Amino acid sequence: MTHFSYLPVKLQKELQQTAEAIVCHGKGILAVDETNGIGALLAQVGLENTENNRRNYRQLLFTSDDVLSSYVSAVILYDETVYQKTDSGVRFIEVLGKKNIIPGVKVDKDVVPLPYTDEVTTQGLDDLAKRCAEYKKQGCRFAKWRAPLTISANGPSALAIESTANVLARYASICQTEGLVPIVEPDVLLDGDHDIIRAQKVTETVLAAVYKALNDHHVYLEGTLLKPNMVTPGKACKERNTPEEIAVATVTALLRGVPAAVPGIAFLSGGQTEEEATVNLNAINKVPMKKPWALTFSYGRALQASVWKTWAGRDENVIKAQTELIKRAKANSLAALGQYHFEGA
């Protein structure tokens, strides 16, 4: 179909300005949208998975020194976090706003089985427009939807890829009509023993399907961001690749599938260690290839693993943990500029 209505120009400009601000020079995204995973993390430091303990940890992150905003442009929240407040009664969204950090929210409702397969699809479209309108009212300016895919001997299947692409496109179109920038996250998982060549081919196939679907659904690409996996071998693969090889494979896959109209690409860390995620991001930004988008980070564990370890659930460790967060954020900000220097470089 070639007859359709574009978004109003005013809304296009708003979405594009937000998307560009999120991936502005050397800045990236702090992902604090854990659902069940945060319970396991709290248990590691001897705390129960209660709302107040979750709030206390997120307060630690959001009340860090204002210098954090020099490296982090945006934060992905979870539903309960949108409404939580500091000990002094200030909404987290307001705390972030005062630091000039853009708040956003995870809107998918996790995965469910894809019928007649051993794969999954992501749910949450039914009431998405209503939820997006409420999140926008609360002060959020973007959303995130994760759609995982697993590489196996015969997968991901064409059905799983098509389902992923169409769900992401529908999500993106709904977000935009409600005034939120959609971060599109097709996550080709690290699980498996596949090599980097297979990972690259699957990533290219997935990206091609996703952008075909986004086009079919008339999504305004200038008002979107992509949150993909880096192209790496499976974690069980015996052959390991250098950061430079990962960079070439990743940028090649992106060039073959992501339109230049997209303002930026914020990589997920996908099970990499903190150092691996930073070193690989740095290599991606240093590799001498054409890169028409900003290439930055949207990390959860790769920004917070050291923070959890330092905090250990103790109030007296809060400042030390906040210092660790800023250290990791600065390292990844430098990597987003191709300026990170690591031991052995």
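Predicted model only: the values in this text are computed from it and were never measured. (Residues numbered from 1 in each chain as written. Predicted model: local features only at pLDDT ≥ 70, side-chain atom pairs only at ≥ 80, totals over all residues. Heavy atoms only, no water.)

1. Looking at the nonpolar core
In terms of nonpolar packing, the biggest core is built from 110 residues, with Phe62, Val75, Tyr171, Tyr211, Leu214, Leu254 and Val258 touching the most fellow members. The dominant element in this core, judged by the number of residues it contributes, is helix α7 (residues 158-177), at 10 residues. When near neighbours in sequence (up to four residues on either side) are disregarded, Phe62 contacts Val32, Val75, Leu77, Thr81, Phe92, Val95, Leu96 and Lys99. (Core = buried A, V, L, I, M, F, W, Y, C linked by side-chain atoms within 4.5 Å. Buried < 20%, exposed > 50% of the residue type's maximum accessible area, 1.4 Å probe, protein only. Helix = DSSP H or I, 4+ residues; strand = E, 2+ residues; numbered from the N terminus. Contact = heavy atoms within 4.5 Å.)

2. Description of the packing of aromatic side chains
A ring pair, where both rings are aromatic, is described by two values, the distance of the centres and the angle of the planes. According to the stated counting rule, one finds 6 aromatic pairs in the structure shown. On the basis of an interplanar angle of 75 degrees and a centroid distance of 5.1 Å, the ring pair of Phe62 and Phe92 is categorised as edge-to-face. Placement of the pair is Phe62 in helix α3 (residues 51-62) and Phe92 in helix α5 (residues 92-98), with a sequence separation of 30 residues. The same class applies to Phe62 as to Phe92, namely buried. Members of the aromatic cluster, connected to one another through ring pairs, are Tyr57, Trp308 and Trp311. (Phe/Tyr/Trp six-rings, centres within 6.5 Å; stacked < 30°, edge-to-face > 60°.)

3. Structural notes on the side chain of Arg131
Of note, Arg131 is situated in helix α6 (residues 128-138). When near neighbours in sequence (up to four residues on either side) are disregarded, Arg131 contacts Val107, Lys109 and Gly124.

4. Describing a negative patch on the surface
Together, Asp195, Glu239, Glu244 and Glu245 line one region of the surface with negative charge. As for its placement among the helices and strands, Asp195 is situated in the loop between β7 (181-188) and α8 (196-216). With a relative accessible area of 32%, Asp195 lands in the partly exposed category. (Patch = residues over 30% accessible without salt bridge, like charges linked within 9 Å, V, L, I, M, F, W, Y side chains within 5 Å. Areas by Shrake-Rupley, 256 points an atom, 1.4 Å probe, with all protein chains shown as cover. Salt bridge = Lys/Arg side-chain N within 4 Å of Asp/Glu carboxyl O. Lys, Arg positive; Asp, Glu negative; His and termini not counted. Charge placed at Lys NZ, Arg CZ, Asp CG, Glu CD.)

5. Focus: the environment of Ile161
Looking at the secondary structure, you find Ile161 in helix α7. Overall, Ile161 belongs to the buried group, its relative accessible area being 11%. Once the C-alpha coordinates of Ile161 and Cys237 are considered, the two residues, 76 residues apart in sequence, prove to be 23 Å apart. Excluding residues that lie within four positions of it along the chain, Ile161 makes contacts with Leu149, Pro156, Thr205, Val206 and Ala209.

6. Some remarks on the packing of helix α11 (residues 301-311) against helix α12 (residues 318-336)
Interaxial distance between α11 and α12 falls to 8 Å at its minimum, and their mutual angle equals 160 degrees. Looking at the two axes, α11 sits roughly antiparallel to α12. Remark: the crossing between α11 and α12 carries right-handed chirality. Of the residues in α12, those in contact with Ala302, Leu303, Ser306, Val307, Thr310 and Trp311 of α11 are Val318, Lys320, Ala321, Glu324, Leu325, Arg328, Ala329 and Asn332. (Axes fitted to C-alpha atoms, helices over the stretch in contact; angles between N-to-C directions. Parallel < 35°, antiparallel > 145°, perpendicular 65-115°, else oblique. Left-handed = near helix turned anticlockwise from the far one by under 90°.)

7. Brief notes about the state of the cysteines
Applying the stated criterion across every chain yields a total of 0 disulfides. Just so you know, Cys140 is unpaired, no disulfide at all, and the nearest cysteine sulfur is the one on Cys132, 9.5 Å from it. Classification of Cys140 by relative accessible area gives buried; the value is 1%. Residue Cys175 stays outside any disulfide, its sulfur separated by 3.9 Å from that of Cys132, the closest cysteine. Residue Cys175 is classed as buried on the basis of its relative accessible area, which comes to 0%. (Disulfide = S-S within 2.5 Å.)

8. Concerning the pairing of β7
Buried residues dominate β7, accounting for 8 of its 8 residues. Neither face of β7 is open: one carries Val181, Ile183, Glu185 and Asp187, the other Pro182, Val184, Pro186 and Val188, and all of them are buried. Strand direction decides the pairing type here: strand β6 (residues 142-149) and β7, joined by 8 bridges, are parallel. What sits directly across from Pro148, in β7, is Asp187. Each parallel crossover has a hand, and for β6 linked through α7 to β7 it is right-handed. In terms of strand pairing, β7 meets strand β8 (residues 225-226) through 2 bridges, oriented parallel. Note that in β8 the partner of Ile183 across the bridge is Leu225. Considered for its hand, the β-α-β crossover made up of β7, α8 and β8 is right-handed. (Pairing = 2+ DSSP bridges. Right-handed = clockwise from strand over helix to strand, strands pointing away.)

9. Topic: the side chain of Gln84
Inspection of the secondary structure assignment puts Gln84 in the loop between α4 (79-82) and α5. Of the residues examined, Gln84 reaches a relative accessible area of 3% and is grouped as buried. In this structure, Gln84 is in contact with Glu51, Arg55, Arg58, Val90, Arg91 and Phe92, ignoring residues within four places of it in sequence.

10. A few points about α6
Among all positions in α6, only Leu128, Arg131, Cys132, Tyr135 and Gln138 are buried. Viewed end-on, α6 has its buried residues packed into an arc of 120 degrees, placing them on one side of the element. Those residues of α6 that are exposed and angled more than 90 degrees off the buried face are Lys130 and Lys137. For α6, the elements touching its buried residues are α4, α5, β3 (102-106), β6 and α7. Positive backbone phi, at 115 degrees, marks Gly139, one or two positions downstream of α6. (Arc of directions from axis to C-beta.)

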